[in-house]
Amino acid sequence: MSCVQLGVRGYALSKLSLPVRLALLVAGTTLPLILFAGAIIYRNYDQDRQDAAARVLETARNIRIVLDAEVQRMTGSLQVLTLASTLQRGDFDGFRRIARGFLEQYPGGVLLVADRAGHQLFSSVRSDASQLPLRNNLDMVEKVFATGKPVYSDLFVGAVRKTPIVTVEVPCIVNGEVVYDLSFSPPISIFQHMIELQRPDPNWTISIFDGKGVNFARVPNPEETIGKRASPTLYAQMFKAQEAGFETVSLEQVPLLTAVSRSIASNWIA
């Protein structure tokens, strides 16, 4: 039976018209070339995608390095401030002039001094400390007193200005003991300007997140997104490694190649 079937097929093929047989011949000749070209195209696409992912990760890393440098500069300046004799002896009127000099570097920033219980003893925006509310991020104050080291907050609403802020907080140490928490809330515009300068292209989406994955600087659409948590696809991935790359969908529902780089010092994420 098999021989008969093959014979029939061969007979049928011989009866095909010349154009059809030529078409089959061409198909048989070009199909391997088409498959080979497709493999090359896919390989090039895959390489381009890997190159793009590497560039995204490098950009995230560079932004994190710039962020760390700025935060370290703030922290170092604040630590110098804590050595002021006026602050160390509790002369807050005398300390105000020194604080004003520091704030000239950061227009719109706010300096606060609090005790262990979170009572505000000094504010750069109000002269009457008796009218100041308790610090509303007491966990940061407690951490400063407990560790004697700088701490960096997540985004929260400030007690005085009622606007979203992050803080850099350092201990004021006298005779080996933490006596005050010196807190600085830098203007958010510093971080916004930072990522705008680092943005390689207008089509890129760049954010700086706090340790809980909340935006406090972003392009595009900062007005609509600052204070919002990362998109669900990004939030699901961003805490799994210090640095990583993956695919996400933005808050605007745009598919993205994404990378994150977390600061060891501040725990903020670029």
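Right above here is the structure, for reference.
Residues numbered from 1 in each chain as written. Predicted model: local features only at pLDDT ≥ 70, side-chain atom pairs only at ≥ 80, totals over all residues. Heavy atoms only, no water.

### Quick look at the overall build of the protein
- Helix and strand counts for the protein stand at eight helices and eleven strands.
- Of all 270 residues assigned to the protein, the portion counted as buried reaches 40%.
- Pairs at least 24 residues apart make up 50% of the contacts formed inside the protein by residues separated by at least 6 positions.
- Accessible surface for the protein amounts to roughly 15,200 Å². Of this, 59% is attributable to carbon and sulfur atoms. (Helix = DSSP H or I, 4+ residues; strand = E, 2+ residues; numbered from the N terminus. Buried < 20%, exposed > 50% of the residue type's maximum accessible area, 1.4 Å probe, protein only. Contact = heavy atoms within 4.5 Å. Areas by Shrake-Rupley, 256 points an atom, 1.4 Å probe, with all protein chains shown as cover.)

### Notes on unusual backbone geometry
- For the peptide bond that leads from Val219 to Pro220, omega is 0 degrees, which places it in the cis range.
- Assignment of secondary structure puts Pro220 in the loop between strand 9 (215-219) and helix 7 (222-225).
- The backbone phi angle of Asn175 is positive, close to 55 degrees, even though this residue is not glycine.
- Note on Asn175: relative accessible area 81%, which makes it exposed.
- Not every positive phi belongs to a glycine, and Asn267 is a case in point at roughly 75 degrees.
- By the element assignment, Asn267 lies in the segment after strand 11 (255-261).

### Let's talk about the pattern of salt bridges
- Overall, the coordinates contain nine salt bridges when judged by the stated rule.
- Here Glu70 ties to Arg73 by a salt bridge, and the two come within 3.2 Å at their closest N and O atoms. In this pair, Glu70 and Arg73 are both assigned in helix 2 (residues 18-81), three residues apart and thus about one turn of the helix distant.
- Classification of Glu70 as buried rests on a relative accessible area of 15%.
- Put simply, Glu169 and Arg135 hold a salt bridge, and the shortest N to O gap is 2.5 Å. (Salt bridge = Lys/Arg side-chain N within 4 Å of Asp/Glu carboxyl O.)

### Side note on the nonpolar core
- Leu78, Phe95, Leu111 and Phe191 are the most contacted members of the largest nonpolar core, which has 44 residues in total.
- Contributions of two or more residues to this core are made by helix 2, helix 4 (92-103), strand 1 (110-114), strand 6 (168-174), strand 7 (177-185), helix 6 (188-198), strand 8 (206-209) and strand 9.
- Here this core gets eight residues from one element, more than from any other, and that element is helix 2.
- Apart from the residues within four sequence positions on either side, Phe191 is in contact with Leu67, Met74, Val166, Pro186, Ile208, Phe216, Ala217 and Trp268.
- Residues Ala230, Met238, Val260 and Ile269 belong to the second largest nonpolar core, which totals eight residues. (Core = buried A, V, L, I, M, F, W, Y, C linked by side-chain atoms within 4.5 Å.)

### Topic: the side chain of Thr59
- When you line up the elements, Thr59 lands in helix 2.
- When neighbours within four sequence positions are excluded, Thr59 is seen to be in contact with Gln198, Pro200 and Trp204.

### Thoughts on helix 4
- With twelve residues, helix 4 extends 16 Å from end C-alpha to end C-alpha; this agrees with the ideal 16 Å at 1.5 Å per step.
- Inspection of helix 4 places Phe92, Phe95, Arg96, Ala99, Phe102 and Leu103 among the buried residues, and these make up the whole buried set. Here the buried residues of helix 4 occupy an arc of 120 degrees about the axis, which is enough to place them on one side. (Expected span 1.5 Å × (residues − 1). Arc of directions from axis to C-beta.)

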